[in-house]
Amino acid sequence: MTVKDEKIKNSELAEGSQEKMGFPEDEPRIGVYVCHCGHNIAGTVDVAEVAESASNLPNVVEAKHYMFMCSKPGVQLLKDDIKEKGVNRTVVASCSKNQHGRTFARTIEEMGLNKHLHQQVNVREFCSWVHKKDKDKATEKAKKLVEAGVNRARKLEEVETKKIRTTKAALVIGAGIAGLRATYDIAELGIPVYLIERNSTIGGHMTRLNKTFPTNECPQCSISPLTNGVANHPLVELYTNAQIKSVEGSMGNYEIEVEIKPRYVKDNCTSCGECEANCPVEVPSEWDKGMSTRGAIYKAYPQAIPATYVRSKKDCIECNTCINICPVQAVDFSQEPETKTFKVGSIVVAAGYEEYDPTEIDAYHYGQEGYDDIITQLQLERMLGPTSMTGSEVMRPSDGKIPKKVVMIQCVGSRNEQVGNKYCTGVCCKFATKNAGLVKDMYPDADVTICYIDMRTPGLNFEEYYKAAQEKGVRYIRGRPSEILKDPISGDLSVIVEDTLSQTPLKLKADLVVLSAAMVPPEGIGPLGSKLKILRSKEGFFKEFHIKMNPTASSKGGIYLAGTIQGPKDISETVAHAGNAAALAAQPLVKGYIEKEMLIPYIDYDLCMDCGMCITACNPAAISMNEDGRPDVNEVACKSCGICMPACPTGAIQLLNFRDDQLLDEIVPIAGGGVVCNE
Amino acid sequence: MARDMIFAFFLGCLMPNRYPQIEKATKFVMEKLGYEILEMEKAACCPAPGVFRSFNKGDWMVHAARNLCIAEKMDADILTVCNGCFGTLQEVNKHLKEDENLREQVNEKLKLLGDYEFKGTIEVRHMTEVLGWDIGSWGIEDHIVRKVDLRASIHYGCHFLKPTTIRELDSSEKPTIIEDFIEVLGVEAVPFNEQLTCCGAGGGVKAYDGNASMKIFGEKMKNIDEVKPDIILDICPFCHLQFETGQDYLNKNKGCNYDYPVIHIAQLTAYCLGMDAESLGLQYQLMGKTFDFGAKVIKDKEAA
Ligand SMILES: Cc1cc2nc3c(=O)[nH]c(=O)nc-3n(C[C@H](O)[C@H](O)[C@H](O)COP(=O)(O)OP(=O)(O)OC[C@H]3O[C@@H](n4cnc5c(N)ncnc54)[C@H](O)[C@@H]3O)c2cc1C
Ligand code: SF4
């Protein structure tokens, strides 16, 4: 579908609010209100002088100053002047637009004016707070800022708000705990959800853990009501082995193509396991991170949902054993990939994380020949798990012996500028403490040591959890190991570290070394991000809209982030995050529409050369060529960022209320000029 | 880009004064391999990376830059067989190429020393790097006239590979460049404990705190002695000196009885390329004076 089609589709979806657009006919009558903000502004800026000077500007019919403009009496000043003095545009010189711009815009809207006819001037952050030492100059600057605001206000246009109808369905990408939580929460609001998981099974990392901190509960037990709840929910359509192919559309109305790879096993599979038991192929299990093997036809783990077996085409030698042996003839090598298209209003991205692969840290020799006894925490979790090959015992991969000395190393791939990850994963101190304690419980005589840079176990229950591990006898050494050495004669491993608390260099003998590897963005996040057209943080995860106020919105309207795809988290944080993403994603679908201010660019086709620079510049892809080869703006997709304006070589494209002449008028007093653009 | 197959040979201080046999062996090897080796007139101390840089980084750079300028004028890359010289010259060359401000400051000071201006037209190469990568195990085979049968404990030293972000050569934790190269010469590398740690010589330690230096070195020798190699193979005259005088010291003061021949990669390669054993100069060294490579020669096409 082209953006052009979308525009038509979206225009059908959009309902006008009967508001006017453009420049109002009445002569501008501007009211100016300078706020004291207590001493915040008035302590530095002579507010009376600023108001006085504003009263002399053209079109200004009222100019006042008041203690707190955002207070009820402050707001009342605007109302009275609109009613009694015929003020039809307002300028409030106080704090930032983000803070109270909306308060005053709403006020004038209440009084029957278009809310875009309010102009906010920031004389606090931009003036009084930064020029505390020079009151005279601060006052002069405030006067100029106000004059700039008045100039802008004089030319403000009315902008209408449209309602855009939304498609009542959601799509969730990734079926880890975050995706499952979000799916369930959305579906429970009566909204159909398509859940897309690229693995053959759902549950993500949580189902791979042995126990979960801080209660050491069985994660399967905690998650299975949710996995079952989702898999059996009447409003949820689950697709495993599936990946996003393309994403079109904008906030409220997306169209997504999904490719579903074949399992080569039909749904009548009874999960009896005969096929795998007789499969001649044996390869390392990805699910178990190489801590066990699987056949070419397999099920990731016994409780996997869906329970249907799956064939890995790349590992299969096509001996046809499973086809012949299956008692219900479920194996079918002729299955083909399938593509499905879904129309949804919101998208929740819950593609999770991956454990950092420490092979690039040479000094730790992970994955190198002869260093089998260096594993990661996730591998240890798989070894300890109830269905592991070792019968849940800790065993050295090299010789199957139970280790007497276990050394864990923290911050492997986290807080490490050499590998390009500055961030603290924030979860590893907790899971290392968990696993160290569990190993100590199982083998009280074993030496279990954790080498750390800083122990980070904040939050309710976690100091206690850390203490409990110490009481069990887990030894904590503050120091980042410089390397893991292997004795070339005996083959023994030792970890070289300085105990920085006692300033003693140590060489710790280790039968098993466990690396607490970082949580990093999952493989494939790049292509997924470009399909969704959402931004990533410098750490590589998908970037939230606002770290404090909006941690689950992505950079694009209608796409939300759930769980570790936005950054490392533990399960509790993931669940809370996903719940919030679900609520935001559901809002417009429950309401049925989105309100959109039509603050969009207009194209002067006489000036336009059809060069397409605006199309290239537009990040949300809201501009496209129409059938006549001329650029067209999709008013729904447009995010009002204005980036198209500087891209245009002829000035043909102009964003409402940010037109060149409007901005120029605003700049002139600040720059010290006196000419106002009269075009 | 400087001229191909020609090197300006930076001698440094230690090698020409204490181990002229390494200098001789280097020239022998490089010429056998078809390189032209030029003398660097008026070249001075590199200056040593540990000591000089710690005291005055600016002047350290200026003096190194002066040496670099000499090679630039010769339009030849620098060849060194010393980790310290390599550390200084490679690092300063890289910094000055990448940082325009620094280059201006250094050039300003260089004027005081004469007609010098750093332009950034050459590279600084360690012989090990040239042998391991330019020639390579695949390339040396044609030139070998003698193949030995030895077990060697390799000492990489510190400055050849570290800091890795500046050298950008090989892993500093699990390097293989020497191992791969000497295998073709018939040398088996025998790894030993804590192989990649310092020998205790560099960074001014040997001069400033002899006891600490010998403590570090004593550990090193203990680890080497565990695997009983035929020789200790190094790539730096300063490490060479440490292994030579250090063994002697431990024998005289700590009741040890070491006599491991200390061989520089230039000496080993020279021997395999046909240099006569006497010119290797082991008789002038403290350890392994009578060590006979020849006894272990298994392939000799010298006559041919
Ligand atoms: C060793 C270790 C131990 C831990 N122990 C604990 C603990 O004890 N307690 C605790 O609270 N937390 C623990 N954690 C953290 C916990 O694993 C995470 O908080 C949690 O699993 C995150 O869930 P998620 O849904 O965000 O991600 P994931 O579990 O990674 O789920 C993401 C899902 O998305 C799928 N996916 C990825 N990309 C795509 C794509 N492009 N298209 C479709 N699907 C995709 C994946 O296949 C996966 O199923 C531990 C972590 C580690 C590494
Ligand atoms: S495919 Fe057949 S043999 Fe394999 S588990 Fe399913 S029913 Fe059993």
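(A) Local environment of the site of ligand 2. Close contacts around ligand 2 come from Val265(A), Cys269(A), Thr270(A), Cys272(A), Gly273(A), Glu274(A), Cys275(A), Tyr309(A), Cys326(A), Pro327(A), Val328(A) and Val331(A), and that covers them all. A per-class count over the shell around ligand 2 returns 9 nonpolar, 2 polar and 1 charged.

(B) Region of interest: the interface of chain B and chain A. Taken together, the contact pairs 9 residues of chain B with 12 residues of chain A. Together, the buried faces of chain B and chain A total about 870 Å²; carbon and sulfur atoms form 58% of this surface. Salt-bridge contacts for Lys507(A) lead to Glu194(B); the nearest nitrogen and oxygen are separated by 3.0 Å. Our count for the chain B to chain A interface comes out at 3 residue pairs in polar contact (both at pLDDT 80 or more).

(C) Examining the site of ligand 1 more closely. Residue and element names in this part refer to chain A. The environment of ligand 1 is made up of 35 residues, and the closest members are Glu197, His205, Lys434, Thr564 and Lys569. Taking Ile177, its main chain carries an N or O atom lying 3.2 Å from an oxygen atom of ligand 1. At 2.9 Å from an oxygen atom of ligand 1 is found a main-chain nitrogen or oxygen belonging to Ala178. Contact with the protein chains removes 97% of the 1,000 Å² of surface that ligand 1 exposes when unbound. Of all the secondary structure elements, the ones that give two or more residues to the shell around ligand 1 are helix H8 (177-187), helix H12 (377-384), helix H13 (428-442) and helix H16 (571-591). At 3 residues, H12 tops the list of elements feeding residues into the shell around ligand 1. Taken together, the residues that form the shell around ligand 1 break down as 16 nonpolar, 12 polar and 7 charged. Each of two domains, domain 2 (170-261 + 342-353 + 522-593) and domain 4 (359-520), supplies a minimum of three residues to the shell around ligand 1.

(D) Quick look at the sheet that holds strand S8 (residues 231-234) of chain B. Residues and elements named next belong to chain B. Ordered by their spatial adjacency, 4 strands build an open sheet running S7-S6-S8-S9, and the pairing between neighbours is parallel. Strands at the two margins of the open sheet, each flanked by one partner only, are strand S7 (187-189) and strand S9 (262-264). Here the strands of the sheet are splayed against their neighbours by 40° on average, with no regard to which way each runs. In the sheet, strand S6 (residues 150-155) pairs with S7 via 3 bridges, with the strands oriented parallel. Looking at the pairing, Arg151 lines up with Glu188 of S7. Here helix H9 (residues 177-185) sits on the sheet in contact with S6, S7 and S8, set at roughly 150° to S7.

About the cut-offs
Residues numbered from 1 in each chain as written. Chains lettered and ligands numbered in written order. Predicted model: local features only at pLDDT ≥ 70, side-chain atom pairs only at ≥ 80, totals over all residues. Heavy atoms only, no water. Near = heavy atom within 4 Å. Nonpolar A, V, L, I, M, F, W, Y, C, P; charged D, E, K, R; others polar. Contact = heavy atoms within 4.5 Å. Buried area = accessible area lost by both parts, 1.4 Å probe. Salt bridge = Lys/Arg side-chain N within 4 Å of Asp/Glu carboxyl O. Polar contact = N/O pair within 3.5 Å; in protein donor to acceptor, adjacent residues only side chain to side chain. Areas by Shrake-Rupley, 256 points an atom, 1.4 Å probe, with all protein chains shown as cover. Helix = DSSP H or I, 4+ residues; strand = E, 2+ residues; numbered from the N terminus. Domains from an automatic or database assignment. Pairing = 2+ DSSP bridges. Axes fitted to C-alpha atoms, helices over the stretch in contact; angles between N-to-C directions.

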